[in-house]
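Chain by chain, the residues run as shown.
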Amino acid sequence: MAIIIDENTNVLVMGITGRQASFHTKQMLAYGTKIVAGCTPGKGGQEVEGVPVYNTVREACEKHRIDASVIFVPAPGTKDAALENLEAGVKVVVIVTEGVPVYDEIDIVAYARRKGAYVLGPNTFGIVSGGKCKMGIPPNQYFVEGDIGVVARSGTLTYEIVGNLTANGLGQSTVVGMGGDRAVGLTFVDVLKMFEKDDQTKAVVLIGEIGGNNEEIASEYIKEMTKPVVAFIAGKSAPPGKRMGHAGAIIERGKGTYQGKVEALTAAGAKVAPLPFQVPALIKEALGRE
Amino acid sequence: MKMFEYMGKELFAKYGIPTPKGRMAKTPEEAEKIAAEIGGPCVVKSQVLSGKRGKAGGIKFPNTPEEAKKAAEEVLSMTIQGLPVECVLVEEKLKIDKELYMSITIDGSAKQAVMIASAYGGMEIEAQPEEYIIKKHIDPELGMHPFFARDVVRRMGVGLRTPHGKEMVNIIQTLYKICKEKDAELVEINPLVFSDDRVIAADSKVTIDEDAMFRMKDLPFVEDKSPAERAAANLGLSFVELDGDIAVMANGAGITMGTLDTLQAFGGTPRNFLDCGGGTGREATAKALDILLGLEPKGLFINIFGGITRCDDVANAFKDVYEARGGFPVPVVIRLVGTNQDAGREILKSIGVEAFDFMQDAAKRIIELVK
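All figures in this text were calculated on a predicted structure; none of them were measured in a lab.

1. Digging into the domain arrangement of chain B
The domains assigned to chain B are domain 1 (21-92), domain 2 (98-215) and domain 3 (227-370). The centre of domain 1 of chain B, based on its C-alpha atoms, is set 45 Å off from the matching centre of domain 3 of chain B.

And the structure:
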């Protein structure tokens, strides 16, 4: 089954004529994603990798059913682009752009909630339903179909862990990037609930990091889950008061520490891997596989 | 981006939030002149990005312009928590009847801004029990309204029809206006002071969202990065200096943290955090490598898992630096996988460098090499 996107998802690429977007359009098509339209204002009528480009999202929606959009436009235009897609009725909006001002993010997330849509990001690598559909920027070859759900805040760390899963014969149902910024559309709990319901998913990997309290809140829900959860938390070695790249990855006033998160997850019954490459062994142990 | 107290107060004053009479001075003579204009007891406050100015002796209370000059002279020669004092704020000394607290910041879990207030402000705000701290989220679609401010003031125990209450209702609304118009991720007044009938912002703390700098170019802010951190920030990279001996470059905040964690778990010590992620091109990556070598580490560890970052860009940058310097002065280990991996490895091979497949193997190798 997978969650959020699958082989039937019709995808629009926002800002498709840009350098990054056109490169990744090609990569997504190679993965098998059904990209039916692109949008760049003023460039309607062109084609990118054989995908028709429209001037507005509404125009694309007149010609195609759009189930999901992936946004590659620069940060100053991201709020406008996201709102345009949500207003047009797109129900899944994946925002790859990083460096979006936090008050713009708050506005995007609030509007999405009103429209009943999912927003992934800003500052997400995207989402991949193994073997079916990829939206975003992860390297194709590591993401294969299987029964492990993955939810994460950070992109490359996810590739690292998914690469390890795949190398150990553990494919993925869906890999969800929530985004590394402070105000992103989904929470761990939103995604864990979807994995809990999803028939294809047999176990879940949660990839968190220091800062904030998302992992602690997730722990409360993990207590109720029937499926095993294995976690990795980045930032064990980070000094307090230093922002480690992500806006949210900072230990302030003794809150959001590595130790606090590990304790909360462990108490909830999750297994925490001390290092990224130790995740597959814990998953196999939890599922009783060799 | 952070602001000095006087910058925040100038911003407050522009928006109509009452602040004490006075202004910033860079010399003892200026301080004397400002004190004479104020005409009475003053306060001379060091302007540094540290919360412990008072305890460090960086706040003085002169009674005359001559004393103000002397106080400024002393404070301007101080270093507080490693930060040299470059200017002071000279203000009227307030008669303080009561100290309160107000701030608006971002609550990432709620995906909303949140107002935090307390009737008990001042030095001990962080020690106040939870029940004295009022938290009220601001619905972004609804925005700020007078009723919101009235409810906060009510919960702070201040009468809505008193001069204090009326002013506080204005201040609360103005704080949110500043947040929205100036992309402030934090505005804080601690303490907010009752002085007879007046309500005055006796201190200010303002942090502007770094991601919004493209539309906030007219604001003043304070440099709080080291020279190397600033050089990296100008390249659009996220960099933090640490105190170990292995310089680290990785792409993506999470994997960079994971790389530092892995090095430390195997007995290595990272010299820095450097996230060169987000599709950083060849030239910026080469400059970032130069910054790292400028730290004079004992070894260099590059850990790239390419998504939007392309392995050939990284390999070319590496080759550029290698050729410009005629080799590297310290041992280097590269782990390189992901987008355009084969092209990247070919480039590395042309200068005789083999890339690793797995982070843990590469991490162990660099630790061996620097020992």
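2. Observations concerning unusual backbone geometry
Here the residue pair G121 of chain A and P122 of chain A is connected by a cis peptide bond, since its omega of 0° sits within 30 degrees of zero. Secondary-structure assignment places P122 of chain A in the loop between β7 (118-120) and β8 (126-129). Residue P191 of chain B is reached from N190 of chain B by a cis peptide bond, and omega for that bond is 5°. Residue I4 of chain A is not a glycine yet carries a positive backbone phi of 70°. Tracing the sequence through the fold places I4 of chain A in the segment before β1 (10-14). Even without being a glycine, D196 of chain B presents a positive backbone phi close to 50°. Note that D196 of chain B resides in the loop between β10 (184-195) and β11 (198-201).

3. Concerning the interface of chain B and chain A
On the chain A side, the residues contacting the 45 residues of chain B number 49 residues. When contributions to the side of chain B that touches chain A are tallied by element, the ones reaching two or more residues are β8 (112-118), β13 (238-241), α7 (253-265), β15 (272-275), β16 (299-306) and α11 (359-370) of chain B. Ranked by residue count, the leading element in the side of chain B that touches chain A is α7 of chain B, at eleven residues. Here the side of chain B that touches chain A is built from residues that sort into 17 nonpolar, 19 polar and nine charged.

4. Remarks on α11 of chain B
Given a rise of 1.5 Å per residue, twelve residues ought to cover 16 Å, and the 17 Å separating the end C-alpha atoms of α11 of chain B matches this to within 8%. Buried within α11 of chain B we find M359, A362, A363 and I366 of chain B. Down the axis, α11 of chain B shows its buried residues gathered within 100° of arc, on one side only. Elements in contact with the buried residues of α11 of chain B: α5 (155-167) of chain A together with β14 (246-250), α7, β16 and β17 (332-338) of chain B.

5. Side note on the sheet that holds β1 of chain A
All names here are of chain A. With mixed pairing, seven strands are arranged side by side in an open sheet as β3-β4-β2-β1-β5-β6-β7. Each having just a single partner strand, β3 (47-48) and β7 make up the two edges of the open sheet. Relative to β7, strand β6 (residues 92-95) runs parallel, the two sharing three bridges. What sits directly across from V94, in β7, is L120. Of the strands in this sheet, β1, β2 (34-39), β3 and β4 (51-54) are in contact with helix α1 (residues 19-31), which crosses β2 at around 165°.

About the cut-offs
- Counting restarts for each chain, with residues numbered from 1 along the sequence as it is written.
- To label them, take the chains in the order written and letter them from A, then take the ligands in the order written and number them from 1.
- Owing to the predicted nature of the model, reporting of local features is limited to residues with pLDDT of at least 70; listing and counting of side-chain atom pairs is limited to 80 or more, with chain, interface and lining totals taken over all residues.
- Throughout, the edges of the domains are those of an automatic or database domain assignment.
- In this text, helices come from DSSP runs of H or I with a minimum length of four residues, and strands from runs of E with a minimum of two, each type numbered from the N-terminal end.
- With C-beta atoms placed from the backbone, a contact is any residue pair whose C-beta atoms sit within 7 Å.
- Amino acids outside the nonpolar list (Ala, Val, Leu, Ile, Met, Phe, Trp, Tyr, Cys, Pro) and the charged list (Asp, Glu, Lys, Arg) are all regarded as polar, and Gly is one of them.
- One fewer than the residue count of a helix, multiplied by 1.5 Å, yields its expected span.
- As a rule, residues whose C-beta atom has 12 or fewer other C-beta atoms within 10 Å are exposed, those with 20 or more are buried, and those in between are partly exposed; C-beta atoms are placed from the backbone.
- Along the arc lie the directions from the helix axis toward the C-beta atoms.
- By this definition, two strands are paired if DSSP reports at least two bridges between them.
- Angles run from 0 to 180 degrees between N-to-C directions of axes, and those axes are lines fitted to C-alpha atoms, restricted for helices to the stretch in contact.

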